[in-house]
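Next come the chains, spelled out residue by residue.
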Amino acid sequence: MNIAVIGANGQLGTDLVAAFTAHGDDVYAMTHSHIEITDRDSVSRVLEEIQPHVVVNTAAMHHVENCEKEPAKAFAVNGLGAKNLAVVAQSLGAVLMHISTDYVFDGRKGSPYTEDDSPVPVNVYGITKLAGEHFVRSNAEKHFVVRTSGLYGKSPCRAKGGLNFIELMLKLAKERGEVRVVDNEFVSPTSTADLAEQLVQLSRLDCYGLYHATAEGSCSWYEFAQEIFALTNTPVRLKVAGRGEFPAKVRRPEYSVLENQALKVRGINSLKLWQDELRTYLTGRVKSESLQVDN
Ligand SMILES: NC(=O)c1ccc[n+]([C@@H]2O[C@H](COP(=O)([O-])OP(=O)(O)OC[C@H]3O[C@@H](n4cnc5c(N)ncnc54)[C@H](OP(=O)(O)O)[C@@H]3O)[C@@H](O)[C@H]2O)c1
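Residues numbered from 1 in each chain as written. Predicted model: local features only at pLDDT ≥ 70, side-chain atom pairs only at ≥ 80, totals over all residues. Heavy atoms only, no water.

A look at the confidence of the model for the protein chain
Considering every residue of the protein chain, the mean pLDDT works out to 95; 98% of them sit at 70 or more. Below pLDDT 50 for its whole length, residues 291–295 participates in zero contacts with residues either more than four positions away or in separate chains. (pLDDT = per-residue confidence, 0-100. Contact = heavy atoms within 4.5 Å.)

Quick look at the structure:
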């Protein structure tokens, strides 16, 4: 199949390009320099040329503080950008796989959110991503809207810059010997490599609709850090950060754990326990480090 990956040099996009390529598809890796999703003409021009069977949209403005400062820009990318892709995909008869977020929920449910739960976003990022979901669902007949959370991968997240949580923890431990992490925000940390495999599988099917796709299980950021240090035998003093020690500039859901109900009902959930995905990531990291040393 012809697959257009939008945001191809991003954290998830990089692994999607690798996964579709490994499965034998013709992959068109579209970075921001190839396509501007807020511009309908740019979207039409690029996609008409490719004639994709599937368009996977990972592009987003998802730095939460920046979204709050520039809501119109966030809506242009997360809302209208998604709409442009949906309208053009529909006109070409293509499937649109659109990546969304756990931040469409307010985090007050206290147990994992399924696709049946009503979204109630609490910040501009969540509101604009929810708008994007609605645009996709109402403009593209053949769509997958896939919500995920807590991504980490070998490519850094371009919107947030710097290191992913795992690399940041390991760096801080090495430099400071003591790390303080909050224990009152819960997520399902999800490996982009595993998510990409799941998305390839889903792209082969015609059971369109809304999906949650995160690693199984959940943890606080503190527990995530604890597991990272345990699996890497890192000597560190890990402490729970005091309430108010890292004051949030923007309201966020405290508990945004997702349940992959729709994937499970269809018998196609391939995502693993978060601890297993983390172990695989850390093993790959060690391998690539020793390769660099060998070279
Ligand atoms: N990261 C997380 O923890 C997380 C959690 C839940 C959901 N998600 C969702 O997952 C998706 C992928 O996240 P990620 O971490 O892979 O993001 P990322 O690393 O920031 O990658 C996003 C990509 O989209 C491109 N892009 C941004 N604006 C664009 C525009 N207007 N037109 C065309 N391309 C544009 C970026 O290019 P430039 O950098 O060159 O602008 C970048 O290549 C997003 O939709 C996000 O909302 C992420």
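Text resumes after the structure shown.
Things to note about helix H8 (residues 221–231)
For H8, the full list of buried residues reads Trp221, Tyr222, Phe224, Ala225, Ile228 and Phe229. Along the axis of H8, the buried positions cluster into a sector of 160°, meaning they face one direction only. Within two residues after H8, Asn233 carries a phi angle of roughly 50°, on the positive side. (Buried < 20%, exposed > 50% of the residue type's maximum accessible area, 1.4 Å probe, protein only. Helix = DSSP H or I, 4+ residues; strand = E, 2+ residues; numbered from the N terminus. Arc of directions from axis to C-beta.)

Quick notes on the site of the ligand
Of all residues adjacent to the ligand, which total 27 residues, the nearest are Asn9, His32, Glu36, Tyr125 and Arg158. At 2.7 Å, a side-chain N or O of Asn9 approaches an oxygen atom of the ligand. Between the ligand and Leu12 there is a distance of 2.8 Å, counted from an oxygen atom to a backbone nitrogen or oxygen. Relative to its unbound accessible surface of 910 Å², the ligand loses 90% to contact with the protein. (Near = heavy atom within 4 Å. Polar contact = N/O pair within 3.5 Å; in protein donor to acceptor, adjacent residues only side chain to side chain. Areas by Shrake-Rupley, 256 points an atom, 1.4 Å probe, with all protein chains shown as cover.)

Re the packing of aromatic side chains
Counted under the stated rule, the structure contains twelve aromatic pairs. Ring geometry for Phe75 versus Phe135: centroids 6.2 Å apart, planes at 55°, classification tilted. Of this pair, Phe75 sits in helix H4 (residues 71–92) while Phe135 sits in helix H5 (residues 124–139); the two residues are 60 residues apart in sequence, bridging distant segments of the chain. Geometrically, the ring pair formed by Phe186 and Tyr255 is tilted, given 6.1 Å between the ring centres and 45° between the ring planes. Here Phe186 is found in strand E8 (residues 186–187), whereas its partner Tyr255 is found in the loop between strand E12 (237–240) and helix H9 (261–265), with 69 residues between them in sequence. (Phe/Tyr/Trp six-rings, centres within 6.5 Å; stacked < 30°, edge-to-face > 60°.)

Considering the pattern of salt bridges
Oppositely charged side chains may form a pair once their charged atoms are brought near each other. Per the counting criterion, the structure on display carries 16 salt bridges. The partner of Arg180 in a salt bridge is Glu178, and the shortest N-O contact between them spans 3.2 Å. The class for Arg180 is partly exposed, based on a relative accessible area of 35%. Exposure remark for Glu178: the relative accessible area of 24% places this residue in the partly exposed category. (Salt bridge = Lys/Arg side-chain N within 4 Å of Asp/Glu carboxyl O.)

With respect to the pairing of strand E7 (residues 178–181)
What you see with E7 is a clean split: Val179 and Val181 sit on the buried side and Glu178 and Arg180 on the side with no burial. In this structure, E7 lies alongside E12, joined through four bridges in parallel fashion. Across the sheet, residue Glu178 finds its bridge partner in E12, namely Arg237. (Pairing = 2+ DSSP bridges.)

So, the sheet that holds strand E3 (residues 54–57)
Across the sheet, which stays open at both edges, the six strands sit in the order E2-E1-E3-E4-E5-E10 with parallel pairing between neighbours. In this open sheet, the two strands that pair with only one neighbour each are strand E2 (26–30) and strand E10 (209–212). Here the strands of the sheet are splayed against their neighbours by 20° on average, with no regard to which way each runs. Of the strand pairs in this sheet, strand E5 (residues 143–148) and E10 are connected by four bridges, and their pairing is parallel. Bridged to Arg147 within E10 is His212. Along the sheet, H5 makes contact with strand E4 (95–101), E5 and E10, crossing E4 at roughly 160°. (Axes fitted to C-alpha atoms, helices over the stretch in contact; angles between N-to-C directions.)

With respect to the side chain of Asp106
Take Asp106: it is sitting in the loop between E4 and H5. There is no salt bridge for the buried Asp106, and the closest opposite charge comes from Arg108, which lies 4.5 Å off by N-O distance. A polar atom in the side chain of Asp106 sits 3.3 Å from the side chain of Tyr113. The contacts of Asp106, once residues within four sequence positions are left out, are Tyr113, Val120, Val122, Pro253 and Glu254. (Lys, Arg positive; Asp, Glu negative; His and termini not counted.)

Quick notes on H5
Helix length check: H5, at 16 residues, gives a terminal C-alpha distance of 22 Å against a target of 22 Å (1.5 Å per residue), a fit within 8%. Check the buried side of H5 and you find it contacts helix H3 (64–69), H4, E4 and E5. (Expected span 1.5 Å × (residues − 1).)

Focus on the packing of H4 against H5
With their axes 8 Å apart at the nearest point, H4 and H5 run at an angle of 15° to one another. One element, H4, and the other, H5, form an angle in the roughly parallel class. Along this stretch, H4 crosses H5, giving a crossing that reads as right-handed. Note on element contacts: H5 touches H4 through Val124, Tyr125, Thr128, Lys129, Ala131, Gly132, Phe135, Val136 and Asn139, opposite Pro71, Ala74, Phe75, Asn78, Gly79, Leu80, Ala82, Lys83, Ala86, Val87 and Gln90. (Parallel < 35°, antiparallel > 145°, perpendicular 65-115°, else oblique. Left-handed = near helix turned anticlockwise from the far one by under 90°.)

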